[in-house]
Amino acid sequence: MTENHVPHRRTSRLRALPPWSLVAAGVLAGGLLGGGYGVLKSPEYTATSYVVAVPGERTDTATALGFAQAYGRVATQVAVLGDAQVWAGVPVRTLRDSVRTATSPDAPMVAVSATSVRPDQAADMANAVARALIRHADAAKAETHVGLMQFSRAGKPGTPTSPSAAVTGLVGASAGGLLGALALLVRPRRRTAEEITPSPSVPGPAVAADAHGQL
């Protein structure tokens, strides 16, 4: 068998498959991969600590709200994380990758969240960054007239926040089904019997006239 017959045979097999088989195969493969990822990946826990901006004698709530927004952006900078690493017991790089902050446009509050595979470490990192942020705000309080105080400490989370194996499996199945549908669109179309059988040729006028003269 020559090599050029192999691609032709593979193409014929693809054409012979029912249309839904590619979608079903994509759903099955995606579900298995997504579920396996959820099982093998270690669960992650997230803990959140809250600090609130308190206006001084010369400031108002609107000013405190503005500084809360600013301190929310400063919380993940090296100057704050450098102090927090001492209490958290982890390097600055770990804090930079694990800690996120969020602020509210209506309340002068900063939420400091930390994620880790260990629930106790997640709480320690969130509280350490919040503590370091309060210290930096107190150091500048004479100029800003706004301080930060602890509103709520991060507790040890009891349940993981990372998606379960069922969720990752569902996501993988959806993605696999989508890829299967896209493959179905570019799949070689099966030729019908009418397309395979050549249609009889009709003789032109000149040919017909010649044939009539010979009779």
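My aim in this report is to walk through the structure given alongside it, one point at a time.

Rules behind the numbers
- Residues numbered from 1 in each chain as written.
- Predicted model: local features only at pLDDT ≥ 70, side-chain atom pairs only at ≥ 80, totals over all residues.
- Heavy atoms only, no water.
- Pairing = 2+ DSSP bridges.
- Helix = DSSP H or I, 4+ residues; strand = E, 2+ residues; numbered from the N terminus.
- Axes fitted to C-alpha atoms, helices over the stretch in contact; angles between N-to-C directions.
- Contact = heavy atoms within 4.5 Å.
- Phe/Tyr/Trp six-rings, centres within 6.5 Å; stacked < 30°, edge-to-face > 60°.
- Buried < 20%, exposed > 50% of the residue type's maximum accessible area, 1.4 Å probe, protein only.
- Expected span 1.5 Å × (residues − 1).
- Arc of directions from axis to C-beta.

**Notes on the sheet that holds strand S3 (residues 109-116)**
Through backbone hydrogen bonds, the strands of a sheet pair up, either in parallel or in antiparallel fashion.
Moving on, step 1. Spatially, the four strands line up as an open sheet ordered S2-S3-S1-S4, and their pairing is antiparallel. Of all strands in the sheet, those bounded by a partner on one side alone are strand S2 (99-103) and strand S4 (146-152). Mean inter-strand twist for the sheet, computed between neighbouring axes without regard to direction, equals 25°.
Moving on, step 2. Examined bridge by bridge, strand S1 (residues 45-55) and S3 share eight bridges and lie antiparallel to one another. Within S3, the residue paired with Tyr45 across the bridge is Ser116.
Moving on, step 3. The strands touched by helix H3 (residues 61-74) are S1, S2, S3 and S4; relative to S4, the strand with the most contacts, the crossing angle is about 70°.
Moving on, step 4. Packed onto the sheet, helix H6 (residues 119-139) meets S1, S2, S3 and S4 and runs at close to 145° relative to S3.

**Here's the deal with the packing of aromatic side chains**
Moving on, step 1. Following the criterion strictly, the structure yields one aromatic pair and no others.
Moving on, step 2. Plain terms: the ring middles of Phe67 and Tyr71 are 6.3 Å apart, the flat faces sit at 35° to each other, and that makes the pair tilted. Residue Phe67 and its partner Tyr71 are both found in helix H3; the two are separated by four residues, about one turn of the helix.
Moving on, step 3. With a relative accessible area of 25%, Phe67 lands in the partly exposed category.

**Comments concerning H3**
Moving on, step 1. With 14 residues, H3 extends 20 Å between its outermost C-alpha atoms, agreeing within 8% with the 20 Å of an ideal straight helix rising 1.5 Å per residue.
Moving on, step 2. Where H3 is concerned, the buried positions are Ala64, Leu65, Ala68, Tyr71 and Gly72. Taken end-on, H3 shows its buried residues confined to a sector of 125°, consistent with a single buried face. Residues of H3 that are exposed and point over 90 degrees away from its buried face: Ala62 and Arg73.
Moving on, step 3. On its buried face, H3 sits against S1, S2, S3, H6, helix H7 (141-144) and S4.

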